[in-house]
Amino acid sequence: NIPLWVWIVSTIAVHLLTKGPLYSALEVVALGSLFTWSYLEISQGADYFRRVLGIMVLAAIIIGHI
């Protein structure tokens, strides 16, 4: 699950940095990788639990940015 690891590393880096262009870029990378992970889980998840987990994460992303 490379997108999940990218999300973890970029989220940690976001929390360590202050505001600035690198901070903003890492936020976009974190959001994009989490979105990618949830999409892949929804479309190719190994079982229904992982597919539902992908749906829940995608819903949380959408609700969090409304």
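Here goes a summary of the coordinates provided.

Attention now goes to a nonpolar patch on the surface. Nonpolar side chains collect at one region of the surface, where Ile 2, Val 6 and Val 29 lie side by side and expose about 260 Å² of accessible area between them. Along the chain, Ile 2 falls in helix α1 (residues 2-16).

All told, the structure shown has one salt bridge when counted by the stated rule. The closest approach of N and O atoms between Glu 41 and Arg 50, which form a salt bridge, is 2.7 Å. Note on Arg 50: relative accessible area 29%, which makes it partly exposed.

Right, let's talk about the packing of α1 against helix α2 (residues 21-44) for a bit. When two helices pack together, you describe them by how their axes are tilted relative to each other and by the distance separating the axes. Between α1 and α2, the least distance of the axes is 8 Å, while the angle of their chain directions is 155°. Between α1 and α2, the angle is such that the two are roughly antiparallel. Like other packed secondary-structure pairs, α1 and α2 cross with a definite hand, here left-handed. In this structure, α1 uses Pro 3, Leu 4, Val 6, Trp 7, Ser 10, Thr 11, Ala 13 and Val 14 to contact α2, whose residues at the interface are Tyr 23, Leu 26, Glu 27, Val 29, Ala 30, Ser 33, Leu 34, Thr 36, Trp 37 and Leu 40. Each residue belonging to the contact of α1 with α2 can be placed in one class, and the counts come to 13 nonpolar, four polar and one charged.

Here the focus is the environment of Leu 22. Note on placement: Leu 22 falls in helix α2. Separated by ten residues in sequence, Leu 22 and Gly 32 place their C-alpha atoms 15 Å apart.

As a further point, take the side chain of Ser 33. Take Ser 33: it is sitting in helix α2. Taking relative accessible area as the criterion, Ser 33 reaches 7% and is therefore assigned buried.

What counts as what
Residues numbered from 1 in each chain as written. Predicted model: local features only at pLDDT ≥ 70, side-chain atom pairs only at ≥ 80, totals over all residues. Heavy atoms only, no water. Patch = residues over 30% accessible without salt bridge, like charges linked within 9 Å, V, L, I, M, F, W, Y side chains within 5 Å. Areas by Shrake-Rupley, 256 points an atom, 1.4 Å probe, with all protein chains shown as cover. Salt bridge = Lys/Arg side-chain N within 4 Å of Asp/Glu carboxyl O. Helix = DSSP H or I, 4+ residues; strand = E, 2+ residues; numbered from the N terminus. Buried < 20%, exposed > 50% of the residue type's maximum accessible area, 1.4 Å probe, protein only. Axes fitted to C-alpha atoms, helices over the stretch in contact; angles between N-to-C directions. Parallel < 35°, antiparallel > 145°, perpendicular 65-115°, else oblique. Left-handed = near helix turned anticlockwise from the far one by under 90°. Contact = heavy atoms within 4.5 Å. Nonpolar A, V, L, I, M, F, W, Y, C, P; charged D, E, K, R; others polar.

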